[in-house]
Amino acid sequence: MDLKSIQFSKDIEEHFLKYFSKSHYEKICRALTTPPLITYFRERKFNEEQNDSNSFLQFQTTIQNFVNKQCEEKQWEKIQLMKCPIDILSNEVLCFPVNVMDIETFNNLPRYDKVVIVDIYCGKSVLRGSDIYSPGLLSISPNVKINDIVSIYVDIEGKILRASRGPYESKLLFIGNGQILVNRIDIFSKTPNELQGIGVKMIDSIYKSPSFGSDDSINDRVFLQNLPSILCAKFLEPKPQQLILDMCSAPGGKTMHLANLTKDKAKIIALDKSKPKIQILNEELKKYKFSSIKAYNVDATKLVSQVTKNDALLLNPDLLKVLNIENESFSYDTIEQFLPSEEQKISLNQKSKNILRNKNTDGIIENEKNILNKFKALSNIRCSVFPDESFDVILLDPPCSALGQRPMFSCDMTLEGLLTFHSYQRALFKVAHRLLKPGGRIVFSTCTFNPKENEEQVAWILETFNDMILENLREKLPFAKSHISVKDIHFDHIEDLENNGEFISVSPSKIEKIKQCTLRFDPGDDICFKDDTIGFFIASFIKKKIIKINQ
C-alpha cells in the first residue's frame, strides 16, 4: 500500500494545529491510515447456563481451534489468542495481534489481470481481517469465474459505479489478492440489500487477521469490538434491575454489552434517530434473544420539554404533570405509553400552551416574565417523553466526526461539517442531565480525536452544570497510568453557543483536571499506539445527590 498519511484540508489542519504540536498531528495522520494491530472481541451473548469462568475458558478454546484451522487453510503462521491485559476485562475479553506482512513482500505480490473493486467500507474491513462480503463488491472483471484468484482494489475516491467494467477513472488502492466465490451475474443482477455471504476469500493481505464471518456458528458467538468501546459499558457500572438509557445506541454493540454485564436482568432503553439502524438492532436483539433491551426510533434531543422543572415551578406547578416532567406511572413496563407516535414524532400539549399563554404577567417578577415570554413565543411546546430524573445510569455516545476510526483511506470532511457536531452533542447532554437521577452516572464517549468534541465538551459540562462531578477514570483503570499517557492539548476557552460569538474562559487548573481524569485513546501517542486502538475519548460524570435537611 502506498497510503502513508491522511491529508486533511488546509483549514481543518489549521484547526487541529491550534490544539496539537505539529509532530503530534503528523503522527495522528500517519496512524489513521493503518488498522489497529491488536484485535479485541468478546462473547456476543452471555451463557446463563454455565459458570462464568468455565464458559469463558470454553469460549476461548473453541475460538482458538477455529483460528488454528483458518491459519492452516491460509498457510499463515499461528495466531495465539490472549486474555485482554486490562484487569477488569481479563475474564470476558480476548485479543490477538494482527500479523503484518513486511512491505517489500506485499509490494512484490502479483497483480492479476482479473480484478475485483470494493467500496471504502469494505476495504476498511479487509484491512481489519475480514473476507469480502458480496454487498461490498463494486466491480468484477468480465472474464472472472468462480474460484479464480483475483487482485483486490479499493475505490478511494468513490467514483466507480456498481457493476461497471472499466476503464476506471478513480484512484484505486491495491489491498491484496483473494479467491472469488461468486458469479459476476449473480452479484450484479441483485441490489446490495439482497446479497449476503462471502464473495471473495482473502488469501494475501498486508494485515493477516482471522475472519470469523466464514463460519455462522462462530460468528454467532464472537463480537468484535474496539477496546475503548468495551470500556464504555464497564465504566457505566450497570447493575441488574437498574433503568438504563442508551441515548444513541446504533449499531448496538455497547447496548448489548450492557445487557451481558447485567446478565440480561437490567431494564435498558436503547434509542436512535435512524429508523433503519433501529430496525437492524431489533433484528439482532430478537436473533440473540436479549430480553432486557427495548429499542426505539426516537431523536434523543426531543426527549424532554423545552420547559424545565424550575421553569414550571416558577410559572405554574401544574405544568410538571401536564408536560410529563413528573410522572409516577413511568416505568420500563409502561414506557410505550410515553413514546411519540409514528405520525407525530414530537408530542405536543395544547393544555400546556393554554396555561402559558393565558397567564397574566402582571405582578410577577422580571425573571418569571422573561421565561413566560420565551415560551409564549414558541409555536409548539412539547411534552417530555420521559419524566426528569428517571434513569439510574445513561450512556451517551453521540454522533461525532468519527475521525478516530482506523484505517482511513481519505477524508473529504469540511471544516464547516466538522464544527457542527459539538452543538448537537451539547443538546444531547442537556437532555441526559435532566433524565439522570441524582447519584446517577453518565458516560460520555466519542470515536474522534477532535478536542472540540472531547476535552472542550467536558469543560463546557463542568462550567454549565454545577451538580456534575467529573470521575477520575485513571484511578478506576490502573492500566491507563502506564498505557494511556496524558496528552498536551492546548486550549484556554470554549465556545458559548447560548451567546453567539461569545467564549467562556477555562482555568489552567480545570484543563489539567480534565486531561488527568478523562481517557484519550490517541493514534498519535507513542505509548497508546503500542496497544493500538482506534482514536477514542471517554469521560464519566456523577450527578450530585441533593441532601435535604429537615427543618
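Scroll up for the structure.
Residues numbered from 1 in each chain as written. Predicted model: local features only at pLDDT ≥ 70, side-chain atom pairs only at ≥ 80, totals over all residues. Heavy atoms only, no water.

The next subject is the overall build of the protein. A tally of helices and strands in the protein yields 21 helices and 22 strands. Here the protein holds 551 residues, and the buried ones make up 54% of them. Accessible surface computed for the protein: about 25500 Å², of which carbon and sulfur atoms make up 49%. (Helix = DSSP H or I, 4+ residues; strand = E, 2+ residues; numbered from the N terminus. Buried < 20%, exposed > 50% of the residue type's maximum accessible area, 1.4 Å probe, protein only. Areas by Shrake-Rupley, 256 points an atom, 1.4 Å probe, with all protein chains shown as cover.)

This part takes up the nonpolar core. In terms of nonpolar packing, the biggest core is built from 62 residues, with Phe-8, Leu-245, Met-247, Ile-269, Leu-303, Phe-386 and Phe-541 touching the most fellow members. With 44 residues, the next largest nonpolar core counts Phe-223, Leu-236, Ala-295 and Ile-538 among its residues. (Core = buried A, V, L, I, M, F, W, Y, C linked by side-chain atoms within 4.5 Å.)

Among the nine residues of helix α9 (residues 253-261), eight are classified as buried, and the element is accordingly described as predominantly covered. Every buried residue belonging to α9 is among Gly-253, Lys-254, Thr-255, Met-256, His-257, Leu-258, Ala-259 and Asn-260, and all of these are buried. Lys-263 lies just past α9 and shows a positive phi near 55 degrees.

Here the focus is the environment of Leu-519. The residue Leu-519 is located in strand β21 (residues 519-521) in this model. Sequence separation of Leu-519 and Phe-536 is 17 residues, and the distance between their C-alpha atoms is 8.1 Å. Leaving out residues up to four positions away in the same chain, Leu-519 has contacts with Phe-235, Leu-473, Arg-474, Leu-477, Ala-480, Ile-484, Phe-536, Phe-537 and Ile-538. (Contact = heavy atoms within 4.5 Å.)

For the rest of this paragraph, the subject is the packing of helix α8 (residues 227-236) against α9. At a minimum axis separation of 9 Å, α8 and α9 run at an interaxial angle of 45 degrees. Comparing the axis directions of α8 and α9 gives the class oblique. As α8 packs across α9, the resulting crossing turns out to be right-handed. Only Lys-254, His-257, Leu-258 and Leu-261 of α9 make contact with α8, whose side of the interface consists of Ser-229, Ile-230, Cys-232, Ala-233, Lys-234 and Leu-236. Tallied by class, the residues present in the contact of α8 with α9 amount to six nonpolar, two polar and two charged. (Axes fitted to C-alpha atoms, helices over the stretch in contact; angles between N-to-C directions. Parallel < 35°, antiparallel > 145°, perpendicular 65-115°, else oblique. Left-handed = near helix turned anticlockwise from the far one by under 90°. Nonpolar A, V, L, I, M, F, W, Y, C, P; charged D, E, K, R; others polar.)

Once that is clear, we can look at the environment of Asp-299. In this fold, Asp-299 is placed in the loop between β15 (293-297) and α11 (309-315). The sequence separation of Asp-299 and Cys-248 amounts to 51 residues, and the corresponding C-alpha distance is 8.4 Å. Residue contacts for Asp-299: discarding those within four places in its chain leaves Lys-273 and Tyr-424. Side chain to side chain, Asp-299 and Thr-301 meet in a polar contact 2.9 Å long. Polar side-chain contacts of Asp-299 include one of 2.9 Å to the side chain of Tyr-424. (Polar contact = N/O pair within 3.5 Å; in protein donor to acceptor, adjacent residues only side chain to side chain.)

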